[in-house]
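Okay, here's what each chain looks like letter by letter:
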Amino acid sequence: MNKMSEDIFLSPKKKGRIAIFLSGRGSNFKAIHDAIVAGFINADIVLVFSNKKEAPGIRIAQERNLETLYLNPKDFPSKEAYDKAIIEEIKKRNVDLICLAGYMKILTDLFCNSFKNKIINIHPALLPSFPGLHVQQKAIDWGVRYSGATVHFVTAEVDMGPIILQAAVPILQDDTEETLSERILKQEHKIYPEAVKLYFEGRLEVRGRRVFLR
Ligand code: GRF
């Protein structure tokens with residue numbers, strides 16, 4: 001047994017303070033925020049952070065009167081220095097959970113280890129198949145019959161943390177990257193808010209690689 005398999009973590013039952021990290025369009029951020037506004041998730045979004053100044057998701061956050069923060073990676077001497085600055089901003093705001101929602105920058109080990117069991121991500125494939133980028137096209141090209149979406153905890157190993165929820169979708173014969181992405185995205189918008197809800201209901205128990213729903 002490796003060390004990871006001995007660790008047990010139970011998510012907190014409380015009104016959560018969430019930070020969203022995004023680099024683009026922000027549809028998953030919107031789905032989570034909509035679910036909060038609808039009273040489905042017991043939490044507030046206390047920060048929407050981006051490494052991209054012009055990310056459409058940042059504009060949406062501003063329209064929704066949420067606090068936003070952009071830090072330019074080029075203003076920092078190293079990836080570690082950049083992530084250190086973000087860690088400070090997160091700690092200042094007493095954030096309970098960081099939701100990566102299309103954040104297109106790999107987090108340093110330092111960052112991941114600073115927020116163990118407090119970072120989750122959505123990935124547009126059924127992990128551990130198809131980690132990385134352009135995974136909808138990769139699933140089509142491989143010829144798999146099903147792909148889908150995965151919400152998982154973030155560890156230093158990219159796309160490999162314990163899996164919280166998954167949703168499968170069929171791959172159709174005439175699918176293109178666009179049509180498959182759209183079908184998967186619909187599922188992303190369901191399972192990401194659901195996972196955040198479960199988190200702050202204190203119902204996610206992580207035992208090694210496995211997440212049990214309590
Ligand atoms: C989604 O497909 C998500 O699975 C991946 O990045 C994309 C972000 O889309 N991690 P959006 O910005 O949430 O619309």
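Draft legend 1. A look at the overall build of the protein chain. In terms of regular secondary structure, the protein chain is built from six helices and 10 strands. Its C-alpha atoms give the protein chain a radius of gyration of 17 Å, within 12% of the compact-globule value 17 Å for 214 residues. Its C-alpha atoms give the protein chain principal-axis dimensions of roughly 50 × 45 × 40 Å. Relative to its 214 residues, the protein chain shows a buried fraction of 49%. Residue pairs at least 24 apart in sequence account for 67% of intrachain contacts in the protein chain once pairs closer than 6 positions are excluded. Counting only carbon and sulfur atoms, one obtains 51% of the accessible surface of the protein chain, whose full area is about 11200 Å².

Draft legend 2. Broad picture of the site of the ligand. In the vicinity of the ligand, the residues found are R25, G26, S27, N28, G102, I122, H123, P124 and E188. Here R25 contributes a side-chain N or O atom positioned 2.5 Å from an oxygen atom of the ligand. The separation between an oxygen atom of the ligand and a polar main-chain atom of G26 is 2.8 Å. When isolated, the ligand has an accessible area of 360 Å², and the protein chains bury 86% of it. Each residue belonging to the shell around the ligand can be placed in one class, and the counts come to two nonpolar, five polar and two charged.

Draft legend 3. Geometry of the side chain of E205. Within the fold, E205 resides in strand β9 (residues 204–207). At 3.1 Å, the side chain of E205 and the side chain of R214 are in polar contact. If we skip the residues at most four places from it in the chain, E205 touches I8, F9, L10, R210, V211, F212 and R214.

Draft legend 4. Local environment of the nonpolar core. Ranked by internal contacts, the top residues of the largest apolar core, which has 46 residues, are I20 and V196. Among the elements that line this core, the one with the most residues is helix α6 (residues 177–200), at nine residues. When near neighbours in sequence (up to four residues on either side) are disregarded, I20 contacts F29, I32, I45, L47, V48, F49, C99 and A101.

Draft legend 5. Summary view of the pattern of salt bridges. Scanning all chains against the criterion turns up 12 salt bridges. Taking the shortest distance from any N to any O, the salt bridge between K14 and D96 comes out at 2.8 Å. Remark: D96 occurs in the loop between α3 (79–92) and β5 (97–100) and K14 occurs in the loop between β1 (8–10) and β2 (16–22); sequence separation between them is 82 residues. Residue classification places K14 among the partly exposed residues on the basis of a relative accessible area of 34%. Classification of D96 as buried rests on a relative accessible area of 11%.

Thresholds, definitions, all that
Residues numbered from 1 in each chain as written. Predicted model: local features only at pLDDT ≥ 70, side-chain atom pairs only at ≥ 80, totals over all residues. Heavy atoms only, no water. Helix = DSSP H or I, 4+ residues; strand = E, 2+ residues; numbered from the N terminus. Rg over C-alpha atoms; globule rule 2.2 N^0.38 Å. Buried < 20%, exposed > 50% of the residue type's maximum accessible area, 1.4 Å probe, protein only. Contact = heavy atoms within 4.5 Å. Areas by Shrake-Rupley, 256 points an atom, 1.4 Å probe, with all protein chains shown as cover. Near = heavy atom within 4 Å. Polar contact = N/O pair within 3.5 Å; in protein donor to acceptor, adjacent residues only side chain to side chain. Nonpolar A, V, L, I, M, F, W, Y, C, P; charged D, E, K, R; others polar. Core = buried A, V, L, I, M, F, W, Y, C linked by side-chain atoms within 4.5 Å. Salt bridge = Lys/Arg side-chain N within 4 Å of Asp/Glu carboxyl O.

The values are spatial; any link to function lies outside them.
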